[in-house]
Structures are given as C-alpha cells and as structure tokens.
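One-letter residues, chain by chain:
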Amino acid sequence: MFLALAVALLVLDQAVKLWVAQAIPRGGSIHGWPFPGFFELTLQYNKGIAFGFLQGKGKLLSPIAIAIAGGTGWYSFRHPKEPILTHIAMALLASGAIGNLIDRIFRDQVTDMFWLRKINFPVFNVADSCITVATFLLIFTWFTASEQAQKPKPALAETPTPGTE
C-alpha cells in the first residue's frame, strides 16, 4: 500500500504542476474558481523551501528529501504491523518530498498553485499538502498510541490451580 499510494500521489502532484504551468501564465490566477475570494489557483515558483524561506537554496535540501523518502519507505516496510494511518503518513511524506525534489532538480524551482486568498496563506502545491497532512497524521497516531499505552491494562482473571479449590 505504501508504494502504491506514494506513486499515485507523486503522479498527481506532477500532473497538477504540469497542468497549472500550461493553463496559467506565471504570476496569473484563475479567479472565481473554485471558491472565489477564498481559494484560488495561481501560478508561482519558489526557489527556496517552505513559505519561501532560503530563496535560491532549495537544492540544498535534496539530500534531506532523499533521506525522508528512503527513511519512510524503510520504516513502512520494516514495520508492517504499524497502524494503517502510519503507513499512509509515510507514503504522504515520501511522495511530498520526492514531488518537490523533482521540481528542484529538473526545474530549479518548485511549482506552487493553491492559494487560500481569504487568509493570504502562502501558495502551496500537492506535495506540500501531502507533507502537511502526513505531519498531522503522525502526530495523531503518536498521540493516540501514547494514550493507549498509558491506559491501565485490564487485570487477567486468575484461574485457580488444580487442587486449591
């Protein structure tokens, strides 16, 4: 499941980036779609990292992206009994890291297109969304696992040994 989900999300990320780059001029937006004044499609490029930090230094993250993708795959395959949400989060992290890595390597910049105009949130893409959702899923699964570990275990009923009844 890890591999299928990671590849599917990677393909979605690259397809959306390609479509937006062809459909919208650089810096342009599709106003009125899908939710005018709140959520819009706009084409922007980012040569840095998340939220535009470290402009021009995005390629420095390449080893980190490779480590994240490899580490999540390794973890998912080595721990098959982990909750399904953990495997989904690992696939999301891997696809997000690789999706933006492909942009940095082959385009020298990351293509962003989703804009929450109402709150003027920085423009982001499918890969960024995957990483964000994965983070929340991991926090949720770790939090719930921690709660489960802290719950007292029900005492086992003692069975009488033969001859002591």
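Use the structure listed above.
The text that follows walks through the structure, step by step, so that each part is easy to find. (Residues numbered from 1 in each chain as written. Predicted model: local features only at pLDDT ≥ 70, side-chain atom pairs only at ≥ 80, totals over all residues. Heavy atoms only, no water.)

1. Some points on a nonpolar patch on the surface
Spelled out, the test is: Exposure above 30% relative accessible area and no salt bridge define the residues that can form patches, which grow by joining like charges within 9 Å and nonpolar side chains of Val, Leu, Ile, Met, Phe, Trp and Tyr within 5 Å. For every accessible area listed, the method is Shrake-Rupley and the probe measures 1.4 Å; residues are considered covered only by the protein chains on display. Any carboxyl oxygen of Asp or Glu that lies within 4 Å of a side-chain nitrogen of Lys or Arg is treated as forming a salt bridge with it. Put simply, DSSP H or I for four residues or longer makes a helix, DSSP E for two residues or longer makes a strand, and each gets a number counted from the N terminus.
Taken together, the side chains of Leu3, Val7, Val11 and Phe77 present a nonpolar region at the surface, about 410 Å² in accessible area. Among the elements that make up the nonpolar patch, the one with the highest residue count is helix α1 (residues 2–23) (3 residues). Tracing the backbone shows Val11 in helix α1.

2. Brief notes about the packing of aromatic side chains
Under the convention used in this document: Any two rings among Phe, Tyr and Trp, with Trp reduced to its six-membered ring, count as a pair given centres within 6.5 Å; such a pair is stacked if its planes are under 30 degrees apart, edge-to-face if over 60, and tilted if neither. Residue burial is assigned from relative accessible area. The probe radius is 1.4 Å, only protein chains are included, and a residue is buried under 20% of its type maximum, exposed over 50%, and partly exposed in between.
Under the definition given, this model contains 4 aromatic pairs. With centroids separated by 5.8 Å and ring planes inclined at 25°, the aromatic side chains of Phe39 and Phe114 adopt a geometry described as stacked. On the criterion of sequence distance, the pair formed by Phe39 in strand β2 (residues 39–46) and Phe114 in strand β3 (residues 110–116) is long-range, its members being 75 residues apart. Residue Phe114 is classed as buried on the basis of its relative accessible area, which comes to 15%. Here the aromatic rings of Phe114 and Phe124 are separated by 5.7 Å at their centres, their planes lie at 55°, and the arrangement is tilted. Residue Phe114 is located in strand β3, and its partner Phe124 is located in the loop between β3 and α4 (126–150); the two are separated by 10 residues in the primary sequence. One exposure class covers both Phe114 and Phe124, and it is buried. Pairwise contacts between aromatic rings join Phe39, Phe114, Phe121 and Phe124 into one cluster.

3. Here we look at the packing of helix α2 (residues 62–78) against helix α3 (residues 84–107)
Note the threshold: Here an axis means a line fitted to C-alpha atoms, over the contact stretch when the element is a helix, while the angle between two N-to-C directions is reported on a 0 to 180 degree scale. Each angle gets one of four labels, with under 35 degrees taken as roughly parallel, over 145 as roughly antiparallel, 65 to 115 as roughly perpendicular, and the rest as oblique. Here is the rule for handedness: rotate from the far helix to the near one, and if that takes an anticlockwise turn smaller than a right angle the crossing is left-handed, while a clockwise turn gives right-handed. Contacts between residues were defined by any pair of non-hydrogen atoms, one from each residue, lying within 4.5 Å. Any residue outside Ala, Val, Leu, Ile, Met, Phe, Trp, Tyr, Cys, Pro, Asp, Glu, Lys and Arg is labelled polar, Gly included; the first ten of those are nonpolar and the last four are charged.
Where α2 contacts α3, the axes come no closer than 9 Å and their chain directions differ by 155°. With respect to each other, α2 and α3 are oriented roughly antiparallel. Pair α2 / α3 crosses with left-handed handedness. Here Ser62, Ala65, Ile66, Ile68, Ala69, Thr72, Tyr75 and Ser76 of α2 come into contact with α3, specifically with Thr86, His87, Met90, Leu93, Ala94, Ala97, Ile98, Leu101 and Ile105. Across the contact of α2 with α3, the residue classes break down as 12 nonpolar, 5 polar and no charged.

4. With respect to unusual backbone geometry
For Asp108, which is not glycine, the phi torsion reads 60° and is therefore positive. With respect to the element layout, Asp108 can be found in the loop between α3 and β3. The backbone phi angle of Asn120 is positive, close to 50°, even though this residue is not glycine. Structurally, the position occupied by Asn120 is in the loop between β3 and α4.

Remember that the coordinates give geometry; whether it matters functionally is a separate question.
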